[in-house]
Amino acid sequence: MSEHRLRYNRIGVLTSGGDCAGLNAAIRAVVLRAHSHGLTVIGILAATAGLLERPLRFIELEPSACDVRMLRRGGTILETVNKGNPFAYPMPDGSVADRSEEAIAGFRALNLDALIGIGGDGSLRILARLAEQGGIPFIGVPKTIDNDVAETDWSIGYMTAVEAAVDALDRLAPTAASHRRVMVLEVMGRDVGWIALAAGIAGGADVILVPEIPFDPEIICERLRDRYALGHNHALVVCAEGIKLCSGEAVYQTMVDGEIRHAGAGQAVADLIANATGAETRVTVLGHVQRGGAPCAFDRILASALGSHAVDLVVHGKTNRVVIQQKGKTTDVPLSAVAGKTRALKEDNSLMQVARRLNICLGDNP
Ligand code: F6P
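The shown structure was predicted, so the numbers you read here are calculated from the model rather than taken from an experiment.

K.L.:
Tell me about unusual backbone geometry, residues and numbers included.
P.N.:
A cis geometry characterises the amide bond from Arg54 onward to Pro55, with omega recorded as 0°. Relative to the elements of secondary structure, Pro55 occurs in the loop between α3 (49–52) and β3 (58–60). Phi is positive for Ala47, which is not a glycine, with a value near 55°. Here Ala47 is to be found in the loop between β2 (40–44) and α3.

Take a look at the structure:
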């Protein structure tokens, strides 16, 4: 038996942050690869919140429980939370508490040698901090429909979200044409426009608005007027939820539980278009449909590649890294290169260049 095999016998895996399609495919890849190395895999339930509960919430993941159905299954069998930061844990009385040492104690009690955390930018930042504080050998696997994890070209779940948005545009186009309407589709993405841009290109949008590009309402309306003047009887506008309006502010809503979420950008854009052009305008807010459902083939393959690579890193004792996909290759970078960073659209991104070459209106004057 190799030195590394002696060192890492039992690994934990968890999913953290908002769910997305492809998480189960990633868990499956971790389990299959780990078992081929003779490692036991413990699935920690509900992200780090599962480490705070007593008794601890976990399940042993046997390969038999990770058959091919896991590839197709949406959500995460391990459950997840996106507001359970152990460094600022929301307590029942409304206060927040640092429960990080409890989470580390929970990890130790499971007798685990390493942790694989499947998470987005926020989760990876928190898990990196926890791993450093607790001396936990850690590997991060990037997932988020927002596709904003630093260093990796693709995060698990993104392409499935794009597919959902493209499907929505395909359905909106005929009804828009029947009624000579402008259809505004609001898509998720938090503070970045990756979903909006890819879906808008693939779905044939006339206008795509992303948070990275401040937009001029007059440029949008001029494009729509020109389109109708050319004889088209409808238009499609894709609007990322995180765009900043003319005031320079994004639009948020405070939920009943006090959480603040983007909401209302699509309606604001639709109102602006209707007022300025007189066009009949309707809004569709796609919401969590983008996160649910079966993963597309791309996400199944990506999840399989990243999950299995994560296990190989553990086996080789190469921890405190994040597995990534760059220029078509699965590789890894130090955790410090990813944790606390984010990846927004830039002019030199190929998606941006495609949109510019197709003369899609991005709301600015390039
Ligand atoms: O980060 C993923 C994401 O789906 C964002 O695109 C969106 O703004 C947010 O999470 C929604 O969060 P929640 O599930 O808490 O409503």
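From this point on, the discussion continues.
K.L.:
Talk me through the layout of surface pockets; I want residue IDs and the actual numbers.
P.N.:
Rolled over the atoms, a probe as big as a water molecule pinpoints where empty space is left. Empty space within the largest pocket amounts to approximately 1200 Å³. As for the largest pocket, its lining consists of 49 residues, of which Gly18, Asn82, Arg190, Arg261 and Arg291 are closest to the centre. Among the secondary structure elements, those contributing two or more residues to the lining of the largest pocket are α6 (121–134), β8 (182–187), β11 (252–254) and β12 (260–262). If one sorts the elements of the lining of the largest pocket by residue count, α6 sits on top with 6 residues. When the residues that make up the lining of the largest pocket are grouped by side-chain class, the tally is 16 nonpolar, 18 polar and 15 charged. Lining the second largest pocket, in full, are Asp153, Trp154, Trp194, Thr342, Arg343, Ala344, Lys346, Asp348, Asn349, Ser350 and Leu351.

K.L.:
Let's hear about the side chain of Thr152: which residues, and what values?
P.N.:
Tracing the sequence through the fold places Thr152 in the loop between β7 (138–142) and α7 (158–179). From its side chain, Thr152 meets the backbone oxygen of Trp154 in a polar contact 2.9 Å long. Excluding its chain neighbours within four sequence positions, the residues that come into contact with Thr152 are Pro142, Ile324, Gln325 and Arg343.

K.L.:
Give me the lowdown on the sheet that holds strand β15 (residues 329–334), citing residues and values where you can.
P.N.:
Taken in spatial order, the 7 strands of this open sheet run β3-β2-β1-β6-β7-β14-β15, and their pairing is mixed. A single partner strand is all that each edge strand has here, and the edge strands are β3 and β15. Neighbour-to-neighbour, the strand axes of this sheet turn through a mean angle of 25°, independent of strand direction. Where β2 meets β3, 3 bridges bridge the pair, whose relative direction is antiparallel. Following the sheet pairing, Ile44 is matched in β3 by Phe58.

K.L.:
Any details on the site of the ligand? Residues and values, ideally.
P.N.:
If you check the shell around the ligand, you find Asn82, Ile145, Asp146, Met188, Gly189, Arg190, Glu241, Arg261, His288 and Arg291 and nothing else. The contact in question runs from an oxygen atom of the ligand to an N or O atom on the side chain of Asp146, over 2.7 Å. Within the side chain of Arg291, a nitrogen or oxygen atom sits 2.8 Å from an oxygen atom of the ligand. Burial of the ligand by the protein amounts to 86% of the accessible area it has alone, namely 390 Å². For the shell around the ligand, the residue count by class is 2 nonpolar, 3 polar and 5 charged. Two domains share the shell around the ligand, each providing at least three of its residues, namely domain 1 (10–156 + 295–337) and domain 2 (160–292).

K.L.:
So what's going on with the packing of helix α5 (residues 100–109) against α6? Which residues, and what values?
P.N.:
Between α5 and α6, the least distance of the axes is 10 Å, while the angle of their chain directions is 70°. In terms of orientation, α5 and α6 fall into the roughly perpendicular class. Each of Ser100, Glu101, Ala103, Ile104 and Arg108 in α5 lies in contact with α6, whose residues at this interface are Leu130, Gln133 and Gly134. Of the residues assigned to the contact of α5 with α6, the class counts are 3 nonpolar, 3 polar and 2 charged.

K.L.:
Residues and numbers for the packing of α7 against helix α8 (residues 194–202), please.
P.N.:
Direction vectors running N to C along α7 and α8 enclose 45°, while the axes themselves pass 9 Å from each other. On the basis of their axis angle, the class for α7 and α8 is oblique. For the pair α7 and α8, the crossing hand works out as right-handed. Only Trp194, Ile195, Ala198, Ala199, Gly200 and Ala202 of α8 make contact with α7, whose side of the interface consists of Tyr158, Ala161, Val162, Ala165, Val166 and Leu169. Split into classes, the residues belonging to the contact of α7 with α8 amount to 11 nonpolar, 1 polar and no charged.

K.L.:
Can you lay out the domain arrangement of the chain for me, pointing to particular residues and giving the numbers?
P.N.:
Partitioning the chain into structural domains gives domain 1 (10–156 + 295–337) and domain 2 (160–292). One C-alpha centre belongs to domain 1, the other to domain 2, and the line joining them spans 33 Å. Tallying the contact residues gives 13 residues for domain 1 and 15 residues for domain 2. Across the domain 1 to domain 2 interface the summed buried area is about 1100 Å²; carbon plus sulfur atoms make up 49%. In terms of surface lost to domain 2, no three residues of domain 1 exceed Lys83, Ile145 and Asp146, which account for 46% of the buried area on that side.

K.L.:
Break down the nonpolar core for me, with residues and values.
P.N.:
Judged by nonpolar contacts, the single largest core of 90 residues is most densely connected at Ile11, Ile116 and Leu197. Among the elements that make up this core, the one with the highest residue count is α7 (10 residues). Among the domains, domain 1 (10–156 + 295–337) and domain 2 (160–292) are the pair contributing at least three residues each to this core. Beyond its immediate chain neighbours, meaning those up to four positions away, Ile116 contacts Ile11, Gly12, Val13, Leu14, Val30, Phe138, Ile139, Val141, Ala310, Val311 and Val314. Formed by 31 residues, the second largest nonpolar core is a distinct cluster that contains Leu56, Ile104, Ile126 and Leu130.

Procedures and definitions
Residues numbered from 1 in each chain as written. Predicted model: local features only at pLDDT ≥ 70, side-chain atom pairs only at ≥ 80, totals over all residues. Heavy atoms only, no water. Helix = DSSP H or I, 4+ residues; strand = E, 2+ residues; numbered from the N terminus. 1 Å grid on protein atoms, 1.4 Å probe; cavity = no way out; pocket = protein on both sides within 12 Å on 5 of 7 lines; lining within 4 Å. Points joined across faces, edges and corners; volume = space filled by probe spheres on them. Nonpolar A, V, L, I, M, F, W, Y, C, P; charged D, E, K, R; others polar. Polar contact = N/O pair within 3.5 Å; in protein donor to acceptor, adjacent residues only side chain to side chain. Contact = heavy atoms within 4.5 Å. Pairing = 2+ DSSP bridges. Axes fitted to C-alpha atoms, helices over the stretch in contact; angles between N-to-C directions. Near = heavy atom within 4 Å. Areas by Shrake-Rupley, 256 points an atom, 1.4 Å probe, with all protein chains shown as cover. Domains from an automatic or database assignment. Parallel < 35°, antiparallel > 145°, perpendicular 65-115°, else oblique. Left-handed = near helix turned anticlockwise from the far one by under 90°. Buried area = accessible area lost by both parts, 1.4 Å probe. Core = buried A, V, L, I, M, F, W, Y, C linked by side-chain atoms within 4.5 Å. Buried < 20%, exposed > 50% of the residue type's maximum accessible area, 1.4 Å probe, protein only.

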